[in-house]
Amino acid sequence: MVAHLLSLKFRLLLNGFRRSPGQVIGMVIGGLYALGLAAVLVAILVALRWADPGAAHAVVVLGGAGAMLGWLVIPLLASAADMTLDPARFTTAAIPMPQLLAGLTLAGFIGVPGLATAVISLATTATWWRSVPSVFGALIGAVLGATTCVVLSKVATTATASLASSRRFKDVSSIVFLIPLMLLGPLIATATQGLTGSGAFLPRLAHTLAWTPLGAAWSLGGELYAGDFGGGVLKLLVALATLVGLLWLWKLLLQHALVTPPYAGTARKGSGKLGLFRVLPATPTGAITARALIYWLKDPRYAASLVVLPLLPVILFFSGRQGGSFEALSLLGPMTAFLLSWAISADVSYDSTAFALHLATGVKGVHDRLGRSLACLAFGFPVVVVFTVLPMLVTGQWELLPNQLGLSLGVLFTGLGLSSVVSARYTVVVPLPGDSPFKKPPGNVAQTLAVQFGGMFVLALLVTPEVALMVAQIITGSQVAGWANLFFGPALGLVLFAGGVRLGGEWLDARGPELFARLTVNR
Amino acid sequence: MSQPHPDPPFVPGTSDSAPAPALSLQGLAKRFGGKVAVDGLSLDVPAGSFYGMVGPNGAGKTTTLSMATGLLRPDFGTAVVHGVDVWRHPLEAKKLMGILPDGVRLFDRLTGEQLVTYAGLLRGMERDVVRERVAELLVALDLAADGGTLVVDYSAGMTKKIALASALIHAPRVLVLDEPFESVDPVSAANIRGILERYVASGGTVIVSSHVMDLVQRMCDHVAVVAGGRVLAAGTVEEVRNGSSLEERFVELVGGGTNTEGLEWLRTF
């Protein structure tokens, strides 16, 4: 039975390759990335063989504890937990519990993260290739530690399965996950500054962690090398107890979960709340604007980009403070304008087959294009203006403000026009409605890349005049170029915007069914 | 249509005197890669009829209805709704039709009420008219208590019903419904049938596709049996079933037989 589960998992992994070349490329890139990371970590662990034993002990214990925390937290937050062997699917198969547990645990090692963890854990035996007891200690510790990692993640996902299956939890967790990810740079910088200040802190932390379930398994090699056999035995007991305890907990949770399928209940709400549909004009364009705005707020795939927005200035500010110059910060306005306007270039792809409603109701292409653009503009315009003025408070280059405003608004309008054309003709692969914004979407990656890079290239060409005026002021210092751009940028942008909406509208009228046919491929 | 006049009596065989069809498909064909999904299908749906389209899985029902409603461009053939060519004048033709496509998503981050309102406003309807009709539709389809719930949180049957409401909002002359009763509970199904029957009685035309023969036999006055992308039989339900039940006639037409040989072990326990 265990062998069956293993071969099932293996077969699922292999069949993943057979779906499309794009997916193979994606998995190969992901695999190479993990392989590279694993190789670097293994090299470090091997190199530690010649390091000071205390330092090696600290590194191994801290790294191992970090890995365990990662296995605990990441599957919960990424809402991308590997559910290919979801225990719920075996409910009707009547597999004895011990064999199910063993099979699922071992199957957890098949796949990129599991394999990488196993290999890196085993590399700690190289670190403790110093005496016979230490090698054995490290080996036992590696097996115990890696297994605990896998079991820990299973316990966490099983415990939260019914919570995680509720849509609201998925929506929120996938966005909240973004925030620490975006702030990783500043966080690491601050943390390293703080830690280098107190060098003795890390070994002491490692020493304490070694007595906890998180670090016990990883410290076995170090303890035995130091000759502390009593401590080693105690820590082995801690590690074993942890694993057994987790297995027992997992068994209880599974037994409960197998007979109580997750129930994603939501409160019923009566009608009467039309929201934006009541506020905006009762025309096709107004309705589409209202619908698009609701999606910007309620669909995590859109809302994720709204969460990123306020973080952008923070990141640029921190990287500017560390680099000592705030040049990058002055790009905030144009960059935001680009990101926001380009975001709707995949609008129809985000609709997926729900686009059928637009097709069935016979909406004119121009109304469709204009409605989506106006929704983006409704919050994009104020945000871009604020983000253009904000950096001036730090850099003090107020003489560049008119020019910056012209450039930013030019990029915003031009980008919206171009997006209106692009999304009327081309589809790109995006996460399907209801999926996590980070889920790797199925479909043709090559076309997506071609559309994305082609579009950005065209956008760069279209905003050349505004960029030229910006460069002119920086070189000559003449205010005239700045005021010229303040007028010229938005003017040219609006002309291109109007042209883009019209052209996109015509294309949509002519080729709506073909676009819809392309959407039905990935659903 | 400007002058009210009594419909001429329906006499089979004298198609000249019959009223203009509500939907007329002529030689529709569609190929997906190497597979011919619809193979020169022609069909006339008389105005004011309750028309059923039945066929096995993969018969080309959904493809045909998609081509008839302007969602999928045919390789060959024409589709005409009340005299308007769907592919030459799509905007005019779509005003006449209410469409419930099968297997497409909805804008499910809207509430049910918002979704139906959205469908109405997309059609360019007045806000007050939309508000009134949405309220009535939600009550009629027993969704009033869930009008403020996001469609993504709806059950499959509720999702089907809200999609149906979106197709009804503009009071179309022709309703094209692809599998309207799939996963709808019996009470709601009876409800929907009542709505559709009243709609037909007042002169509207309904075209439904379904696997459920009993339902089609009881509900529809006309039926077309489709298989392999072609019409095998079409006409009034009485004509097509020709004495036997629609289900027997269907199995006879489509072939394949009832292969219940073998599986002896299933009776041995």
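Up top is the structure these notes are about.
Attention here is on the structure that accompanies the text. The residue numbering used here restarts from 1 in each chain and proceeds along that chain's sequence as written. As a convention, the first chain written is A and the first ligand written is 1, with the rest following in written order. Owing to the predicted nature of the model, reporting of local features is limited to residues with pLDDT of at least 70; listing and counting of side-chain atom pairs is limited to 80 or more, with chain, interface and lining totals taken over all residues. Just so you know, side-chain values use all the structure's heavy atoms and leave hydrogens and water out.

### Points about the overall build of chain A
Part 1: Per the secondary structure count, chain A includes 24 helices and zero strands.
Part 2: Note on classification: 1.4 Å probe, protein chains only; a residue is buried when its accessible area is under 20% of the maximum for its type, exposed when over 50%, partly exposed between these limits. Burial statistics for chain A: of 523 residues in total, 45% are counted as buried.
Part 3: Any two residues having at least one pair of non-hydrogen atoms within 4.5 Å are treated as being in contact. When contacts within chain A are restricted to residue pairs at least 6 apart in sequence, long-range pairs at least 24 apart make up 79% of them.
Part 4: Taken as a whole, chain A presents about 24,500 Å² of accessible surface, with 75% of it coming from carbon and sulfur. A helix here means a DSSP run of H or I that spans at least four residues, while a strand means a run of E at least two residues long, and both kinds are numbered starting from the N terminus. Computed with the Shrake-Rupley method and a 1.4 Å probe, the accessible areas treat only the protein chains shown as cover for residues.

### As for the interface of chain B and chain A
Part 1: Between chain B and chain A, the contact holds 39 residues from the first and 51 residues from the second.
Part 2: As a working definition, buried area equals the accessible area (1.4 Å probe) given up by two parts on being put together, with both sides summed. Counting each side, the surface lost to burial between chain B and chain A is near 4,000 Å², with a carbon and sulfur contribution of 58%.
Part 3: It is Arg105, Phe107 and Arg109 of chain B in chain B that bury the most area against chain A; as a group they hold 22% of the surface buried on that side.
Part 4: Whenever a carboxyl oxygen of Asp or Glu lies within 4 Å of a side-chain nitrogen of Lys or Arg, that contact is scored as a salt bridge. Between chain B and chain A we count one salt bridge in total.
Part 5: Residue Arg73 of chain B is joined to Glu514 of chain A by a salt bridge in which the shortest nitrogen-to-oxygen separation is 2.5 Å.
Part 6: In the analysis that follows, any N or O atom pair within 3.5 Å is treated as a polar contact, provided that within protein one partner can donate a hydrogen and the other can accept it, and provided that, for residues neighboring in sequence, both atoms belong to side chains. For the pair chain B and chain A, the number of links is 14 residue pairs in polar contact (both at pLDDT 80 or more).
Part 7: Listed by contribution, the elements that provide at least two residues to the side of chain B that touches chain A are helix H2 (90–96), helix H3 (112–122) and helix H4 (127–140) of chain B.
Part 8: Broken down by element, the residue count for the side of chain B that touches chain A peaks at eight residues, all from H3 of chain B.
Part 9: Split into classes, the residues belonging to the side of chain B that touches chain A amount to 19 nonpolar, nine polar and eleven charged. When residues are grouped by polarity, Ala, Val, Leu, Ile, Met, Phe, Trp, Tyr, Cys and Pro land in nonpolar, Asp, Glu, Lys and Arg in charged, and all others, Gly among them, in polar.

### Section: the packing of aromatic side chains
Given two aromatic rings, their pairing is described by the distance between the two centres and the angle made by the two planes.
Part 1: Any two rings among Phe, Tyr and Trp, with Trp reduced to its six-membered ring, count as a pair given centres within 6.5 Å; such a pair is stacked if its planes are under 30 degrees apart, edge-to-face if over 60, and tilted if neither. Considering all chains together, one arrives at eleven aromatic pairs over all chains under this definition.
Part 2: On the basis of an interplanar angle of 50° and a centroid distance of 5.1 Å, the ring pair of Tyr302 of chain A and Tyr350 of chain A is categorised as tilted. In this pair, Tyr302 of chain A sits in helix H16 (residues 300–323) while Tyr350 of chain A sits in helix H18 (residues 347–351), placing the two residues 48 residues apart along the sequence.
Part 3: What makes Tyr302 of chain A buried here is its relative accessible area of 3%.
Part 4: Three or more aromatic residues joined by ring pairs make a cluster, and in this case those are Phe277, Tyr295, Trp296, Tyr302, Tyr350 and Phe379 of chain A together with Phe107 and Tyr118 of chain B.
Part 5: Our definition puts a charge over a ring when NZ of Lys or CZ of Arg is within 6 Å of the ring centre and also within 35 degrees of the ring normal. If you follow Arg130 of chain A out to its NZ or CZ, it ends over the ring of Tyr225 of chain A, 5.5 Å from the centre.
Part 6: Positioned above the aromatic ring of Tyr295 of chain A, the side-chain terminus of Arg291 of chain A is 5.0 Å from the ring centre.

### What about the pattern of salt bridges?
Pairing of side chains with opposite charge becomes possible as their charged atoms draw close.
Residues and elements named next belong to chain B.
Part 1: Summed over all chains, the structure comprises 17 salt bridges over all chains.
Part 2: Residues Lys30 and Asp75 are paired through a salt bridge, measuring 3.4 Å at the closest nitrogen-oxygen approach. Highlighted residues: Lys30 in strand S1 (residues 21–32) and Asp75 in the loop between helix H1 (61–68) and strand S4 (76–81), separated in sequence by 45 residues.
Part 3: Between Arg230 and Asp39 there is a salt bridge; the shortest N-O distance is 3.3 Å. Of this pair, Arg230 sits in strand S10 (residues 230–236) while Asp39 sits in strand S2 (residues 35–46), placing them 191 residues apart in sequence.

### Examining the sheet that holds S2 of chain B
Each strand in a sheet pairs with another by means of backbone hydrogen bonds, the pair being arranged parallel or else antiparallel.
Residues and elements named next belong to chain B.
Part 1: Two strands pair if DSSP finds at least two bridges between them. Spatially, four strands are ordered S2-S1-S4-S5 in an open sheet, and the strand pairing comes out antiparallel. Where the open sheet ends on each side, the last strands, each with one partner, are S2 and strand S5 (84–85).
Part 2: For helices, the axis comes from a line fit to the C-alpha atoms of the stretch in contact; other axes are also lines fit to C-alpha atoms, and the angle between any two N-to-C directions lies between 0 and 180 degrees. Sitting on the sheet, H1 touches S1, S2 and S4, and the angle it makes with S1 is about 120°.

### Considerations on the nonpolar core
Part 1: In these notes, a set of buried Ala, Val, Leu, Ile, Met, Phe, Trp, Tyr and Cys residues joined through side-chain atoms within 4.5 Å is what counts as a nonpolar core. Phe277 of chain A together with Tyr118, Ile162 and Val206 of chain B are the most contacted members of the largest nonpolar core, which has 102 residues in total.
Part 2: Excluding residues within four positions of it along the chain, Val206 of chain B makes contact with Ser49, Phe50, Tyr51, Leu175, Leu177, Leu196, Tyr199 and Val200 of chain B.
Part 3: Leu515 and Leu519 of chain A together with Val38 and Val45 of chain B belong to the second-largest nonpolar core, a separate cluster that totals 41 residues.

### Notes on the pairing of strand S6 (residues 97–100) of chain B
Residues and elements named next belong to chain B.
Part 1: On S6, burial covers both faces: Met97 and Ile99 on one face and Gly98 and Leu100 on the other are all buried.
Part 2: Looking at chain direction, S6 and strand S7 (residues 174–178) are connected through four bridges and run parallel. Bridge pairing in S7 places Gly98 opposite Leu175.

### Considerations on a nonpolar patch on the surface
All names here are of chain A.
Part 1: Patches in this entry comprise residues that are over 30% relatively accessible and not in a salt bridge; like charges within 9 Å are linked, as are nonpolar side chains (Val, Leu, Ile, Met, Phe, Trp, Tyr) within 5 Å. On the surface, a nonpolar cluster with roughly 530 Å² of combined accessible area is contributed by Phe317, Val386, Leu390, Leu393, Val394 and Trp398.
Part 2: Ranked by residues supplied to the nonpolar patch, first place goes to helix H20 (residues 365–395) with four residues.
Part 3: Locating Leu390 in the fold gives a position in helix H20.

Note that all results are geometric; they support no functional claim without further evidence.
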